[in-house]
Amino acid sequence: MYVYQDYDRQLLNERVAQFRDQTRRYLDGQLSDDEFLPLRLQNGLYIQRYAPMLRVSVPYGMLNSTQLRTLGHIARTWDKGYAHVSTRQNIQYNWPELENVPDILAELAKVEMHAIQTSGNCIRNVTTDEFAGINAAEVEDPRPWCEIIRQWATFNPEFAYLPRKFKIAVNAVPNEDPALIGVHDIGVQIVHRDGETGFTVLAGGGLGRTPMTGEVIGEFVPWQHLLSYLEAILRVYNKYGNRDNKYKARIKILVKALGAEKFRELTEAEFAELKDGPITLTADEVDRMRGHFSEPAYDGSATDQPAALTEALASSKAFNRWYHTNVHAHRQPGYAAVTLTLKKTGRAPGDITDTEFDAVADLADQYSFGELRTTHQQNIVLGDVRQDQLFALWEALEVLGFATPNLKLLTDIIACPGGDFCSLANAKSIPVAEAIQRHFEDMDYLHDLGPIDLNISGCMNACGHHHIGHIGILGVDKKGREYYQITLGGRGDKTSRIGEKLGPSFEADEVVPVIARLVDLYVEQRQPDELFIDTYERLGIDPFKERAYASHH
Amino acid sequence: MPAIIKDGTIVDDSWQRLTAEQIEQQGLPAEGDLIVPLPVWQAQRDAIAARAGRTAVCLEPGEEPSEIAADLDRLPLVAIDFPAFKDGRGYSYARELRTRYQYTGEVRAVGDVLRDQLFYMHRVGFNAFQIRADRDIEDALNGLKDFSVTYQGDVNDPRPIYRRR
Ligand code: HEM
Ligand code: SF4
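For the structure given in this document, a descriptive report is provided here. (Residues numbered from 1 in each chain as written. Chains lettered and ligands numbered in written order. Predicted model: local features only at pLDDT ≥ 70, side-chain atom pairs only at ≥ 80, totals over all residues. Heavy atoms only, no water.)

## Thoughts on the sheet that holds strand β8 (residues 186–193) of chain A
All names here are of chain A. Read from one edge of the open sheet, five strands run β6-β7-β8-β9-β10, paired in mixed fashion. A single partner strand is all that each edge strand has here, and the edge strands are β6 (127–128) and β10 (215–222). Examined bridge by bridge, β6 and strand β7 (residues 168–171) share two bridges and lie parallel to one another. Across the sheet, T127 pairs through a bridge with A169, a residue of β7. Set on the sheet, helix α5 (residues 143–153) makes contact with β6, β7, β8 and β9 (196–203); between it and β7 the angle comes to about 165°. Together, β9 and β10 form the strand contacts of helix α8 (residues 260–274), whose direction differs from that of β10 by roughly 35°. (Pairing = 2+ DSSP bridges. Helix = DSSP H or I, 4+ residues; strand = E, 2+ residues; numbered from the N terminus. Contact = heavy atoms within 4.5 Å. Axes fitted to C-alpha atoms, helices over the stretch in contact; angles between N-to-C directions.)

## Some points on the coordination of the iron atom of ligand 1
From the protein, the iron atom of ligand 1 takes a single donor atom, C463 of chain A (SG), 2.1 Å away. Mapped onto the elements, C463 of chain A comes out in the loop between β17 (454–457) and β18 (471–478). (Donors = N, O, S within 2.8 Å, 3.2 Å for Na, K, Ca; no water.)

## Quick word on the environment of Y93 of chain B
With respect to the helices, strands and loops of the structure, Y93 of chain B is situated in helix α3 (residues 89–99). Taking C-alpha positions, Y93 of chain B is 8.7 Å from L59 of chain B, a pair spaced 34 residues apart along the chain. Among all residues touching Y93 of chain B, those that are not within four sequence positions of it are K239 of chain A together with E60, P61, G62, E63, E64, P65 and I80 of chain B. In terms of polar contacts, Y93 of chain B uses its side chain to reach the backbone amide nitrogen of G62 of chain B, at 2.9 Å. (Polar contact = N/O pair within 3.5 Å; in protein donor to acceptor, adjacent residues only side chain to side chain.)

## Let's talk about the site of ligand 1
Residue and element names in this part refer to chain A. Around ligand 1 lies a shell of 23 residues, among which Q92, K165, K167, R250 and C463 are the nearest. R55 places a polar side-chain atom, nitrogen or oxygen, 3.4 Å from a nitrogen atom of ligand 1. Per-class residue counts for the shell around ligand 1 are eight nonpolar, nine polar and six charged. (Near = heavy atom within 4 Å. Nonpolar A, V, L, I, M, F, W, Y, C, P; charged D, E, K, R; others polar.)

What follows is the structure in C-alpha cells.
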C-alpha cells in the first residue's frame, strides 16, 4: 500500500485545519450556504434527507486493518454504529453532525485517510480493479499509476471548479473491464507495447441521466506522459464543458457534442504544450510508486490446492459452494483472494457495522497481511489468503454473516441508498433489493442460475449503476407514486455496456414477479453453460419483453 | 482608495473597472488607470490606448486569453472576472496567460473573489485579488496560506513534487 511521507501527512493536517475553520465560519454566519456548499462537497459532505452524509475516500479501494478499525470507531462514536461501502469503493456515513465532521476528519487523518474530493465538481477518487496486483491476467499492477493520478488530482488548483464531477478509473486487464473504465469520465487502460508501459485513454463515458460509453482519445500514451495527457483533457473540459445546465455538464456531453475527432484535436493541442515539460513523469518516481506496492511476504513454499483445502472441499458442501463463488485465483501459488459479501438478506447492500469493521480488521491481520479492498459491487476483499487457511477463514466469516455464497449471483445486488435516505430519490431501492433477495432465497436455485448482475438506482442519477446491470432497476416517479423501470442487457463485466429499456415501468409489488418471469424465460431457453447475459444477447429483448408483460394482456 | 491584495499584501488600488454600459453612457475617462471589457477593447483599442493613463482588459468566462494574445505586451494588467466563484474557467485562463503566453504583468481576479479560493488562484498565476466588497480583506489574506505542501507544479514553481525532492 502507499505509505504516507511527511509531506502527505502535513497536507492532510493542513486540510483538516482548513475545513475546521471553514465549518466554524459557516456556523458563525461568515460563509453563506452557497459559499459553503462546494467547500463541504469537496470534503465529501452532502446534505441528504435526514442528516449530512460523509463520504470517506478509499483510494482505489485499498485499506489496511488500522484504517478499518478507525472506520469502525467513527461509526460508533459519531454515527449510528454503521457505514456503507459505495459503488465507487468509498465508505459513507449517513448520520454525522456537521459540527463533528472536523473531528472525524482529524481522526481519519491519523490513519492517513480523508474525504478530499469525494464529492463536488472536481476530480474524484480514482478507482480500479479490486484484484489489482493479484490478478494473474493484468499486464501490470495498476495501483502505482492510480496513486500517481491521485496525487496529481489532489488539490489540483486548475481543476477544483470544473463544470461537473470528474471520475477516473484505471484498468490493467486486457479484454475485460473490471474497473468499468468504459463508463468513467476518463478511463485509462494500461497496455504494453514493445516492452514499454503506456495507456489507451478513453474520455466521455458516464452513467447518470445520459448514459454512454467513452471514446478512445489517446490510442497509446507513453508512460512518461500520463499526467500531461490527463491534464490536457482536463484543460479542454474545464474551458469548454457546459456550465449553464448541470444535466449537460459532464464531459460525456462535450465529447458527444464536439465529436471524438474534434475533442482529440483540442486535447492534442494542449498536450503538445505540456509534453516533455516539468509534469513529465520520471522513472524514479514511477519506481518509487511501484516500490510502495511491493508484494507482501508470501510463503514461497505454499502450493496450489494443498491437502487441507482438498479435504475441506470434500467434507463440507457449504464451504465448497462458497469456495466456488467467493474465492478467486491469485497470481501467487498457494494463495487466493476472498470476497466477503455484504449482501445478507434484510441488510442494505454494502452496510457494515462498527463491530464488524473490527472483526474484519482482525481477520485481515490474521489471514491477509492486514490489507483489504473495497469493491464497486459494495463488497470487501481479503486479497492474500493462504489456500490452506481458507476453511478457517470461511468458518469465521460464517459467524459474521459475510460468507453468503452469492457473489455475482442474482442476490448480490448493487443498490443505492434510494428513498430511505436520499432526497433526490424517485423511489426506494433498499426494500426492492430485500424483496428480491427474499424471493430468491434458495441457494441451489441461485447457483443453478449462475452469475446475474442486478443493479438498482432510486433515480436517474444512477448511483446504483442500474444501466450496467444485466438486469437494471430504476426508480421513477409517476404522479407521485413509486414505479420501477427495468433495463436488460447492460454489462459491467467483460465490457461496459448500457442496458436497453424493457418497456413501461412497474409498480413496486410487480417487480419481484417480473424478475421471476425474466429468469424463468432464461432457464427455459438457455443452452448448456449459457449465462443469463449470453442468452439475452442471443435472443434479443423481444421474448423477454413479451414474458415480462405477459400478465398485462 | 479601495484596497486589493497584491503580491501577498493589502495595497491601495488605482484601477477603475468600467462596464461596457458605463463606457457607452459616460464615454471613456480622459485619464486614470482603466479596466475595460474585452469587446470595448476590441472595438476601440487605439482610442483607449491614446488616453492619459494605463489600460487593462477584463476577460469574462468564455473570453479566452488567445483573444488578447497579440496585445499582451501593451497591457500592464489583465483582469479575469468570476461572475460566480463556482465557474472555474478563469483558472485555466490565468494559467494560460502565464505559461502559454509568458505574460508577466498583473493578473487580477475580480468579481466573486473569496478567501477560500485564493490559494488555488494564486497557484494558477493570479497575483492580485479584488476581494468581494462585503468581505473582510484582512481575513481573506489568510486564504493564501491554507497549505504549505503541494503535489503539482504550478505557475510559481513548475516542478511537481517528484522533481522537488
Ligand atoms: C444521499 C446521497 C447521494 C446523493 C445526493 C447523490 C447524488 C448523486 C447525483 C446528483 C449524481 C449524478 C451526477 C451526475 O450525473 O453528474 C450521482 C451519481 C453517482 N452516485 Fe450518488 N448520490 C448519493 C449517494 C450515493 C451513494 C451512497 C453511492 C454509492 C453507493 C453513490 C454513487 C454514485 C455513483 C457511482 C454515481 C455516478 C454515476 C455516473 O457515472 O454518472 N451515490 N449521485
Ligand atoms: S441514484 Fe438517485 S436515489 Fe439513488 S442515491 Fe443517487 S441520487 Fe439518490
